[in-house]
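Topology and contacts: notes
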Amino acid sequence: MEAYTSILLFLQVIAMLGTHVLFATLGGILCEKVGNLNLGLEGLMLLGASFSFYVALNYGNPWLALAIGCLASLAGSLIYAFLTISLRTNQVVTGLALTIFGTGVSSMLGKTMAGVSLPAQIAATFGARSLPVLSKIPLLGPVLFQQSPFVPAAIATAVLIYLFYTKTSLGLNTRIIGENPGAADASGINVTRYKYINVLAGGLLCGVGGVYLSCVYAGIWQNELTAGAGWIAVAMVIFSIWNPLRAIMGAYLFGAVRGIGFKFQGGIPFFGMKLMINAQILDMLPYITTILVLLFINLRKKKEYNPPASLGNSYFREDR
Amino acid sequence: MTADSYADNQAYVRMEGICKAFGVVQANQNVKLEVCQGEIHAILGENGSGKSTLMNMLTGIYTPDAGQIWVGGQNVHFASPQDAIDHGIGMVHQHFKLVDVLTVKENIIAGSSTSFILKSKNISREIRETCSRFGLDVGLDLDKKIYQLSVGEKQRVEIIKMLFRGAKVLILDEPTAVLTPQETTELFTILKRMRQQNCAIIIITHKLHEVMEISDRVTILRRGEYIATVNTASTNAQALTEMMVGRAINMDIQRRPARLSAEPVMEIKGLRALGQHGVESLKGIDFTIYGGEILGVAGIAGSGQKEICEIIAGLAKASSGSVIFQGEEILGLSPIDILRKGISMSFVPEDRLGMGLVAGMDIISNVMLRSFQKKKGLFLDRAFGKKKAEDIVERFEVSTPSVRHVLKKLSGGNIQKVLLGREVDLEPALLITAYPVRGLDIGASYHVYHVLNQQKEAGVAVLFIGEDLDVLLQICDRLMVIHDGQVMGILDPGKVTKEDVGLLMLGHKAEASATVDADHEEVPAV
């Protein structure tokens, strides 16, 4: 029984640690499925995280904080969308600039917030709570539904996006744009409109991830709070082979490795002794894992595992 | 419908005074076109004559700078492809607008489904109904992925897609460019059936015999300008060429008898190789090539042509077999060593600039890419390069402002001349050339054939990988047909028919008639 409790506890921690990465990964998938490589995920998360934290701290209203956090990352992705879709700038450079921009803005905004805790209303609304019925499901209940509502919301979003891509005509049109915008255009699909909507929606999800990270998970501001989670998400998009359901797996794998790091900070029990591992090495684990995962991903050769064929390209109808 | 009745008949599609410029290039200048229902209308013109531009305006991809378009008696202004689709205009592009990783069904309904939730069964039924309305057999598994289909099947998907959208006007851009003779026959059957259903069909082409075979009327364009519209029945191939090119052209490729070298230049035995996904791409290729002959290679795209070229040039690895060049094994040597031995390659992939040339550099640098190997010392000898480049420009009639002109600003034909010229200039013992006339106009194509013939007469062994069977049969001394990484036969072009070659290309060895069998092992008389 004790073992069960500790496994449960560990799974809960995984879900907590993976949720913001899951949101950002889903955001990345939305962008890349319409052919837009978005390296600004990190910046968008930081925009969402810092603006929501600022509002939560100063006004104490959780919903307002969520709204403003989302608006901030929407604004960030609107800049990216306008540049890459309408002005057809290089997506890599534009995405990088967005990350630098988001990091800078969040640092500036965060100067006054460092080390201050959030008012209690925030945790009361967004903190862990048992959802009726669902929380009674064995295993899944405690792991997912006795947590912050953001945790099940992330999974629900992943499932919804999956259903959107596979079961709806709009989802099909979306996938066609990422593969071959010329074909989509010739079929009468409005490429620009789809691209804008998906890139903005992707930015919004990054923002939600940022809000969760600062207002729910951390509860306290520190500079560059995301610690590269946006970059991990860029890698997880590849790991998930652009499949929202596999993104759940990827994000929680990240959570698990992170969790292992935390667990063994006090040393690993070894025949009655304690093996101490340098804390920095434990902190590195998620990033090393990501690199290893990417190495393995590259071994897959199936055609369906390739990125959307027009990823990274701008589309201009009259190109010759 | 008789020829004269077109004049009385109200045209279903009418374009008048169409102009379109791209920068300084005037792609269309005051062009007109009239197409009736129940008609197959060919648009004939060389590369760069503005055929595709004209059609892209009819399908809403480009907007004309000037001119009027009427469809079904209504004056229309297309702002997007959707507008054109709404007016029943559908186009099958030369480079298919299909998504490889999606299924046939998904590609067909792209952008046209009215229900939010996709209902797979209903869609399949609707597609089948559409096809049967036109008397077409779907002949395809609708759940197959596009990349699993042959080229002919992909084209059929495009046609079905257009019919599914209710196209009354079907435009096909160079539809037979990549088809085998059998697939072409099948396509023409489909088109004739659609003509019976009162569709207006426009085919863009530069192949004269196809124009003669299938079209009711022809509109000829030259350098962006309208030349004439004629009834096919009242014209002939020679007259059409003259209108298309603007002057008379001698369309005979003279095949002079081969004077073979005593020893083979290259012998390939049991060549095997692995392709991209670990599938065997070459399954035991054997052939011998002598100096002073042109050995043609025919096959559907992707049958192993690229692999053969790359292995001979040392760019790819073989898993087994041997390549003996002038009595010496060259398998495993580096590309530079192979080049030094006298093997030259002018390989023209789908995009000419993909292999062998650097688009952003000038002609001199591109010429020197190869010839600097022969010079010693640390520094480049630009003067030597310049002289070479000027030689090539003169000998091959490359039209360019100067040899310092950046390559990508030249026209396709001129780029190809530079490539071929550079390789020939190295005075190789073996010249490998793949698709050397792709995208060239007629005049330039015949120039290339002439160069190949000259090389042959100079005693060079020429390996010519081509697509146009008519040309291959005319120019080659022997024709090797490959299918799926295997040699199906090495034929005497004087003794086989195009249909037999087509069957071999498809891998139907048994069905090809008797003339084909014997020669596989035959070495031509010296």
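What you see is a predicted model, and the numbers here were worked out from it, not measured in a lab.

Quick look at the overall build of chain B
Helices and strands together make up the secondary structure of chain B, namely 17 helices and 20 strands. Overall, the C-alpha framework of chain B stretches about 70 × 50 × 45 Å when taken along its three principal axes. Scored against the burial criterion, the 526 residues of chain B give a buried share of 53%. Contacts in chain B between residues far apart in sequence, at least 24 positions, make up 67% of those at least 6 positions apart. Counting every atom, chain B has about 22,700 Å² of accessible surface; 49% of that belongs to carbon and sulfur. The distance from the centre of the 57 positive side-chain charges to the centre of the 64 negative ones in chain B is 5 Å.

So, the sheet that holds strand β14 (residues 320-325) of chain B
All names here are of chain B. With antiparallel pairing, 4 strands are arranged side by side in an open sheet as β12-β11-β14-β15. Pairing within the sheet leaves two strands with one partner each, and these edge strands are β12 (280-290) and β15 (328-329). In the sheet, strand β11 (residues 264-274) pairs with β14 via 5 bridges, with the strands oriented antiparallel. Across the sheet, methionine 266 pairs through a bridge with phenylalanine 325, a residue of β14.

Brief notes about the interface of chain B and chain A
Contacts between the two partners involve 34 residues from chain B, matched on the other side by 25 residues from chain A. A combined buried area of about 2,500 Å² lies between chain B and chain A, and 58% of that area is made up of carbon and sulfur atoms. One can count 1 salt bridge joining chain B with chain A. For the salt bridge of glutamate 106 of chain B with arginine 175 of chain A, the shortest nitrogen-to-oxygen distance reads 3.2 Å. Taken together, the links from chain B to chain A amount to 9 residue pairs in polar contact (both at pLDDT 80 or more). At the level of secondary structure, the elements contributing two or more residues to the side of chain B that touches chain A comprise β1 (13-22), α3 (81-86) and α4 (104-109) of chain B. With 3 residues, α3 of chain B is the largest single contributor of residues to the side of chain B that touches chain A. The residue inventory of the side of chain B that touches chain A, partitioned by class, reads 17 nonpolar, 10 polar and 7 charged.

Topic: the pattern of salt bridges
All names here are of chain B. Counted by the stated rule, this structure contains 22 salt bridges over all chains. Where lysine 20 meets aspartate 65, a salt bridge forms, and the shortest distance between an N and an O atom there is 4.0 Å. Linking lysine 20 in strand β1 with aspartate 65 in the loop between α2 (51-58) and β4 (66-71), this pair joins segments that are 45 residues apart in sequence. Exposure remark for lysine 20: the relative accessible area of 5% places this residue in the buried category. Here aspartate 65 falls in the partly exposed class, since its relative accessible area comes to 49%. Among the salt bridges present, the one from glutamate 186 reaches arginine 156, with a minimum N-O distance of 2.7 Å. In this pair, glutamate 186 is assigned in helix α7 (residues 181-196) and arginine 156 in helix α6 (residues 151-164), connecting sequence segments 30 residues apart. In this structure glutamate 186 comes out as partly exposed when scored by relative accessible area, which is 42%.

Considerations on the packing of aromatic side chains
Two descriptors summarise a pair of aromatic rings, namely the distance from one centre to the other and the angle between the planes of the rings. Residues and elements named next belong to chain A. Across all of its chains, the model carries 7 aromatic pairs over all chains by this definition. An angle of 85 degrees between the planes, with centres 5.3 Å apart, marks the rings of tryptophan 63 and phenylalanine 126 as edge-to-face. A residue pair is termed long-range when its members are at least 10 positions apart, and tryptophan 63 in helix α3 (residues 62-86) and phenylalanine 126 in helix α5 (residues 120-126) qualify at 63 residues. The class of tryptophan 63 is exposed, set by a relative accessible area of 55%. With a centroid separation of 5.7 Å and 45 degrees between ring planes, the pair formed by phenylalanine 150 and tyrosine 212 is classed as tilted. With phenylalanine 150 in helix α7 (residues 150-167) and tyrosine 212 in helix α10 (residues 191-218), this pair connects stretches of sequence that are 62 residues apart. The exposure class of phenylalanine 150 is buried, given its relative accessible area of 7%.

Focus: the nonpolar core
Leu22 and Tyr252 of chain A together with Leu172, Leu191 and Met194 of chain B are the most contacted members of the largest nonpolar core, which has 133 residues in total. Membership of the second largest hydrophobic core comes to 46 residues, among which are Ile253, Phe396, Ile415 and Leu419 of chain B.

What about the domain arrangement of chain B?
Residue and element names in this part refer to chain B. What the domain assignment reports for chain B is domain 1 (3-245) and domain 2 (264-342 + 428-514). Distance between the C-alpha centres of domain 1 and domain 2: 34 Å. The interface of domain 1 with domain 2 comprises 9 residues on the first partner and 14 residues on the second. Of the roughly 940 Å² buried where domain 1 meets domain 2, counting both sides, 65% is carbon and sulfur surface. Applying the counting criterion to the domain 1 and domain 2 interface returns 0 salt bridges. Inspection of the region where domain 1 meets domain 2 yields 2 residue pairs in polar contact (both at pLDDT 80 or more). Elements that contribute at least two residues to the side of domain 1 that touches domain 2 include exactly α7 and α9 (237-245). Broken down by element, the side of domain 1 that touches domain 2 gets its largest block of residues, 3 residues, from α9. Taken together, the residues of the side of domain 1 that touches domain 2 sort by class into 3 nonpolar, 5 polar and 1 charged.

What about the confidence of the model for chain B?
Low-pLDDT portions of the prediction should not be read for the details of their coordinates. Residue and element names in this part refer to chain B. Per-residue confidence for chain B gives a mean pLDDT of 84, with 90% of residues at or over 70. Low confidence marks residues 514-526, where pLDDT is under 50. Its contacts with residues over four positions away, or in another chain, come to 21 contacts. Listed scores for the predicted complex are pTM 0.80 and ipTM 0.85.

A look at the packing of helix α1 (residues 2-33) of chain A against α7 of chain A
Residues and elements named next belong to chain A. In the contact formed by α1 and α7, the axes pass within 9 Å of each other and the chain directions differ by 25 degrees. Relative to α7, the element α1 lies roughly parallel. Where α1 crosses over α7, the two elements pack in a sense that is left-handed. For the pair α1 and α7, the contacting residues are Ala15, Thr19, Leu22, Phe23, Leu26, Ile29, Leu30 and Lys33 in the first and Phe150, Val151, Ala153, Ala154, Ile155, Thr157, Ala158, Ile161 and Tyr165 in the second.

A short note on the packing of helix α2 (residues 41-59) of chain A against helix α4 (residues 91-110) of chain A
All names here are of chain A. At their nearest, the axes of α2 and α4 sit 7 Å apart, and the two run at 20 degrees to each other. For the element pair α2 / α4, the angle class is roughly parallel. For the element pair α2 and α4, the recorded crossing hand is left-handed. Residue-level inspection shows Leu41, Glu42, Gly43, Leu44, Leu46, Leu47, Ser50, Phe51 and Tyr54 of α2 in contact with α4, the latter providing Leu98, Thr99, Phe101, Gly102, Thr103, Val105, Ser106 and Leu109. By residue class, the composition of the contact of α2 with α4 is 10 nonpolar, 6 polar and 1 charged.

The rules behind these values
- Residues numbered from 1 in each chain as written.
- Chains lettered and ligands numbered in written order.
- Predicted model: local features only at pLDDT ≥ 70, side-chain atom pairs only at ≥ 80, totals over all residues.
- Heavy atoms only, no water.
- Helix = DSSP H or I, 4+ residues; strand = E, 2+ residues; numbered from the N terminus.
- Buried < 20%, exposed > 50% of the residue type's maximum accessible area, 1.4 Å probe, protein only.
- Contact = heavy atoms within 4.5 Å.
- Areas by Shrake-Rupley, 256 points an atom, 1.4 Å probe, with all protein chains shown as cover.
- Lys, Arg positive; Asp, Glu negative; His and termini not counted.
- Charge placed at Lys NZ, Arg CZ, Asp CG, Glu CD.
- Pairing = 2+ DSSP bridges.
- Buried area = accessible area lost by both parts, 1.4 Å probe.
- Salt bridge = Lys/Arg side-chain N within 4 Å of Asp/Glu carboxyl O.
- Polar contact = N/O pair within 3.5 Å; in protein donor to acceptor, adjacent residues only side chain to side chain.
- Nonpolar A, V, L, I, M, F, W, Y, C, P; charged D, E, K, R; others polar.
- Phe/Tyr/Trp six-rings, centres within 6.5 Å; stacked < 30°, edge-to-face > 60°.
- Core = buried A, V, L, I, M, F, W, Y, C linked by side-chain atoms within 4.5 Å.
- Domains from an automatic or database assignment.
- pLDDT = per-residue confidence, 0-100.
- Axes fitted to C-alpha atoms, helices over the stretch in contact; angles between N-to-C directions.
- Parallel < 35°, antiparallel > 145°, perpendicular 65-115°, else oblique.
- Left-handed = near helix turned anticlockwise from the far one by under 90°.

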